[in-house]
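What follows is the residue order along each chain.
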Amino acid sequence: MTQPPLLALTMGDPCGIGPELAAKAFHSEKAYDNMRPFLVGDEETMIKAVKTTGVPLTIRPIRTADEAQFVPGTVDLLTVSSLGRDEVIPGAPTARTGQAMIEAITRSVDLALSGECDAIVTGPIHKVAMKLAGSEFHGHTELIATRTRAREFAMMMAGDRLKVVLVTIHIPLRQVIEELTSPVITDLISLTARSLTERFGVTSPRIAVAGLNPHAGEEGLFGDEESRLIAPAVEKARALHPTCTISDPMPPDTVFFKAAEGHYDAVVCMYHDQGLIPFKMVHFHDGVNTTLGLPIIRTSVDHGTAYDIAWKNIASEGSLLSAMEMAAMQARNRVR
């Protein structure tokens, strides 16, 4: 890669904090540090965001990624919608604002698939806005996976100290055991191992596997899922990835501390809150959501649209800047 990675950023839900974050991020001195970002979104919305945040930025509309100039103090904006100045109401999405949000995502994905950008960074969106726009999807991941025809994919929450990958995500806790199978766990460990090498440059990944039950089952005293489901999955993953270090099922109350201390490169978690609670304790302000298994690189902020503080110039751009930096890093590692 002779030039810094080219990143397409989506502005997210116009009625949320995404446009403000984009304005603040492009104003940051980090915006063009070893990367070339441009924004995909709505011109009137971004003009309003610049005024709301008070940052000295110029909006420069472009028609293709090739027209971007990446000049500090300027936002190269690939316009994909034409919302009216009064259409964007904080916390009140409509079919049109939802459609503008989706169009920014799909255009960015298509740019990455065609090689016109090296990675995409997505701003926060809301499932209500998706529904109002008539989308069959509830969020980014399913939409992007379908558009890229990805056969396997997973959410990793990543930061400098801790990375977690989730076997099950947005399902009721009582359904977790029903969804856990040895093949599913093996596949996720395997995907994590490949991604750490291909996207994060880790030549010999060290992966910790969290148990499901307290004390990882305590030899069956508190449950047998560790011996019946997780341990066999670990053995299969070890055979598939002999250069990786993959732990036995570990007690959930200690595994994240050990990973955050640098003993492991990632933790494979059995359910959503098992991984997200410790992750956000460590990386609440700078965590990044990245989707493993896609044919393109995609990172995102680790938070939602925050309708309650939208358009009040309160939200921090820290997670978005971290997502930009991680997307650029993955792009460089992928080329190598």
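What you see is a predicted model, and the numbers here were worked out from it, not measured in a lab.

Caption draft 1: The arrangement of the pattern of salt bridges in detail. A full pass over the atoms with the stated rule returns 12 salt bridges. Between D110 and R147 there is a salt bridge whose closest N-O contact spans 2.9 Å. One end of the pair, D110, is in helix α3 (residues 95–113); the other, R147, is in helix α5 (residues 140–148), and 37 residues separate them in sequence. A relative accessible area of 31% means that D110 is categorised as partly exposed. R206 is the salt-bridge partner of D265, the closest N and O atoms lying 3.1 Å from each other. Taken together, the residues span a long stretch of sequence, with D265 in the loop between α9 (252–260) and β10 (266–269) and R206 in strand β8 (residues 206–210) at a distance of 59 residues. Given a relative accessible area of 30%, R206 falls into the partly exposed group.

Caption draft 2: The layout of surface pockets, seen in detail. Approximately 1,200 Å³ is the volume attributed to the largest pocket. Lining the largest pocket are 36 residues, and of these T141, E142, M155, I169 and H170 lie nearest its centre. Put simply, the parts of the chain that give the lining of the largest pocket at least two residues each are α5, β6 (154–158), α7 (182–198), α10 (272–283) and β12 (298–301). Tallying contributions element by element places α7 first for the lining of the largest pocket, with 4 residues. Of the residues belonging to the lining of the largest pocket, the class tally is 15 nonpolar, 13 polar and 8 charged.

Caption draft 3: Structural detail: the packing of α7 against helix α8 (residues 225–240). Where α7 contacts α8, the two axes come as close as 8 Å, and the packing angle between them is 40°. In terms of axis orientation, α7 runs oblique to α8. The two elements α7 and α8 cross, and the hand of that crossing is right-handed. Across the interface between the two elements, S182, I185, T186 and I189 from α7 touch R228, L229, I230, P232, A233, V234, K236, A237 and L240 from α8.

Caption draft 4: Local environment of the side chain of T290. Residue position: T290 is located in strand β11 (residues 288–292). Residue classification places T290 among the buried residues on the basis of a relative accessible area of 0%. A polar contact of 3.1 Å, which involves the side chain of T290, links it to the side chain of Q330. Contact partners of T290, with chain neighbours within four places excluded, come to A154, M155, M156, F200, R298, T299 and Q330.

Each value, and the rule that gives it
Residues numbered from 1 in each chain as written. Predicted model: local features only at pLDDT ≥ 70, side-chain atom pairs only at ≥ 80, totals over all residues. Heavy atoms only, no water. Salt bridge = Lys/Arg side-chain N within 4 Å of Asp/Glu carboxyl O. Helix = DSSP H or I, 4+ residues; strand = E, 2+ residues; numbered from the N terminus. Buried < 20%, exposed > 50% of the residue type's maximum accessible area, 1.4 Å probe, protein only. 1 Å grid on protein atoms, 1.4 Å probe; cavity = no way out; pocket = protein on both sides within 12 Å on 5 of 7 lines; lining within 4 Å. Points joined across faces, edges and corners; volume = space filled by probe spheres on them. Nonpolar A, V, L, I, M, F, W, Y, C, P; charged D, E, K, R; others polar. Axes fitted to C-alpha atoms, helices over the stretch in contact; angles between N-to-C directions. Parallel < 35°, antiparallel > 145°, perpendicular 65-115°, else oblique. Left-handed = near helix turned anticlockwise from the far one by under 90°. Contact = heavy atoms within 4.5 Å. Polar contact = N/O pair within 3.5 Å; in protein donor to acceptor, adjacent residues only side chain to side chain.

Read these as geometric descriptors, not functional statements.
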